Amino acid sequence: MIQNEIDQIQINITKPECEYYDVMGGSHRHEVKVHDHGSVALVDCMPRLAPVGQTADFSIVQAARVSYGAGTKKVSEDKGLIRYLFRHQHTSPFEMVEFKFHCVMPVFIARQWIRHRTANVNEYSARYSVMPDKFYHPKVEDVRKQSASNRQGGEEQLETKTAEEFLAYLDQVESSYKTYNELLDKGLSRELGRIGLPVSVYTEWYWKIDLHNLFHFLKLRMDSHSQKEIRDYANTIFALIRKIVPVACEAFMDYSYESIKLTRLEIEAIQTGKPLNTTNKRETDEWEQKRKLLNIPAPVVPQTNTTTTPPTESK
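Quick look at the structure, then. Just so it is clear, the model here is predicted, and its values are computed rather than measured. The written sequence of each chain sets the order in which its residues are numbered from 1. Totals for whole chains, interfaces and linings use every residue, but because this is a predicted model, local features are given only for residues with pLDDT of at least 70 and side-chain atom pairs only at 80 or more, for both listing and counting. Heavy atoms from the whole structure form the basis of all side-chain values; hydrogens and water molecules are not counted.

**Section: the packing of helix α8 (residues 211-221) against helix α10 (residues 246-257)**
Angles run from 0 to 180 degrees between N-to-C directions of axes, and those axes are lines fitted to C-alpha atoms, restricted for helices to the stretch in contact. A run of DSSP states H or I qualifies as a helix once it reaches four residues; a run of E qualifies as a strand once it reaches two. Both are numbered from the N-terminal end. Look at α8 against α10: their axes get within 11 Å of each other, and the N-to-C directions meet at 45°. By the angle between their directions, the pair α8 and α10 is classed as oblique. The handedness of the crossing between α8 and α10 comes out as right-handed. On the side of α8, the interface is formed by Leu211, Phe215, Leu218 and Lys219, while α10 contributes Ala248, Cys249, Phe252, Ser256 and Tyr257. Residues are grouped as follows: Ala, Val, Leu, Ile, Met, Phe, Trp, Tyr, Cys and Pro are nonpolar; Asp, Glu, Lys and Arg are charged; all remaining types, including Gly, are polar. Among the residues making up the contact of α8 with α10, the classes are represented as seven nonpolar, one polar and one charged. Reported orientations rely on four angle classes, namely roughly parallel under 35 degrees, roughly antiparallel over 145, roughly perpendicular from 65 to 115, and oblique for the rest. Helix crossings get a hand from a simple test, with the near helix turned counterclockwise from the far one by less than a right angle marking a left-handed crossing and a clockwise turn marking a right-handed one. The criterion used for residue contact is that any of the two residues' heavy atoms lie within 4.5 Å.

This is the structure we're talking about:
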């Protein structure tokens, strides 16, 4: 029988060649509060154990060096290799590091978050359980005016009177929770009862993701163009992992988050000193932002000769 065959398999246990330590310091979770009722907690990671004197970054190097069978190198050389791997987009070694988070956030943030489909997710189910009486309720100073340049977001603070009207509107919406609870008590199914709740209600999930795909998430969600509420969560996640994989995080900041990507047209504009060779307004606006950030002088547009020759008098 298959069970007998499995029982006969011999497992060799290798003792560690050096002393290891828990990169989470033996703790159950590292948690940070976000907004009024939200939070992000790091509950586990892989590798959980690292050689004394190193960080979980060692796992990236270990995976990379197996490609050519090299032995253990110095920590300083490990840092150089990790930076090389990130700089040249050798992504698979970064997938050897994983993090598991317990996240509590409003549904409207969760719907943006879940678009990153490269993670394992298990969310609180409102079909099985009653949704908590917790809603995201911003302060007056956090209510933003619709951006004129970005149809997806808001930038400046909205004038106080309208902001207070919005918060009063949220008070009305949140009061629907009482009706939701009363209807459930009368026998309404939870799977239907939930559809009347606003997207400001809080949900939660466990979210597991490898470091390569986490960096992609952070690149987009820590960006200034991202919605502030999800940006607060992304910043928190980065703060939680930075001490566990400090070398990889430094490479991420140097070569991704704080870097600038140039297109072929933008490189040509730098080389020639001419305007961007496109009629697409979004492209030219993006180039203007990059040009100013890089302190590149604006191209000199040649002046057209407007002098006209006076007409000759007819005889």
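**What to know about α8**
Within the span of α8, buried status applies to Leu211, Asn213, Leu214, Phe215, Phe217, Leu218 and Arg221. You can read the cap of α8 off the contacts: a side-chain oxygen lies 3.1 Å from the backbone nitrogen of His212, and it is on Asp210. A 1.4 Å probe rolled over the protein chains alone gives each residue an accessible area, and that area as a share of the maximum for its type sets the label: buried under 20%, exposed over 50%, partly exposed in between. Any pair of N or O atoms that falls within 3.5 Å is considered a polar contact. Within protein, one atom must be able to donate a hydrogen and the other to accept it, and sequence-neighbouring residues count only if both atoms are side-chain atoms.

**Brief notes about the pattern of salt bridges**
Take a side-chain nitrogen of Lys or Arg and a carboxyl oxygen of Asp or Glu: if they are within 4 Å of each other, that pair is a salt bridge. Within the structure shown, the criterion is met by 18 salt bridges. Across the salt bridge formed by Lys281 and Asp285, the nearest N and O atoms sit 2.8 Å from each other. Linking Lys281 with Asp285, this pair stays in helix α12 (residues 281-293), spanning four residues, or about one helical turn. The exposure class of Asp285 is partly exposed, given its relative accessible area of 33%. Residues joined by salt bridges that share partners form a network here, namely Lys79, Arg83, Glu250 and Asp254.

**A word on the packing of α8 against helix α9 (residues 228-241)**
The N-to-C vectors of α8 and α9 enclose an angle of 140°; their axes lie 9 Å apart at closest approach. In terms of orientation, α8 lies oblique with respect to α9. Seen from above, α8 lies across α9 with left-handed handedness. Across from Leu211, Leu214, Phe215, Phe217, Leu218 and Arg221 in α8, the residues of α9 making contact are Ile230, Arg231, Ala234, Ile237, Phe238 and Ile241.

**A look at the nonpolar core**
By size, the foremost hydrophobic cluster in this structure holds 54 residues, and its most contacted members are Phe99, Phe101, Trp113, Trp207 and Leu218. For this core, the element with the most residues is α9, which contributes seven residues. Those residues in contact with Leu218 that lie beyond four places of it in its chain are Asp223, Ala234, Ile237, Phe238, Ile241 and Phe252. Remark: nonpolar core denotes a set of buried residues (Ala, Val, Leu, Ile, Met, Phe, Trp, Tyr, Cys) joined through side-chain atoms within 4.5 Å.

**Considering the environment of His90**
Checked against the element boundaries, His90 lands in the loop between α3 (75-87) and β5 (98-106). Through-space distance from the C-alpha of His90 to that of Ala64 is 9.0 Å; in sequence the pair is 26 residues apart. With residues up to four places along the chain from it excluded, the contact list for His90 reads Tyr84 and Leu85.

**Structural notes on the packing of aromatic side chains**
Paired rings are identified among Phe, Tyr and Trp, the last through its six-membered ring, by centres lying within 6.5 Å, and are further divided according to the angle between planes into stacked (under 30 degrees), edge-to-face (over 60) and tilted (the rest). Taken as a whole, this structure holds 17 aromatic pairs when the rule is applied. Summarising the aromatic geometry, the rings of Tyr177 and Tyr180 are spaced 5.4 Å apart at their centres and angled 50° between planes, so their arrangement reads as tilted. With Tyr177 and Tyr180 both in helix α6 (residues 176-185), this residue pair falls three residues apart, about one helical turn. Classification of Tyr180 by relative accessible area gives buried; the value is 4%. Ring pairs connect the aromatic residues Phe99, Phe101, Trp113, Trp205, Trp207, Phe217 and Tyr233, which therefore count as one cluster.

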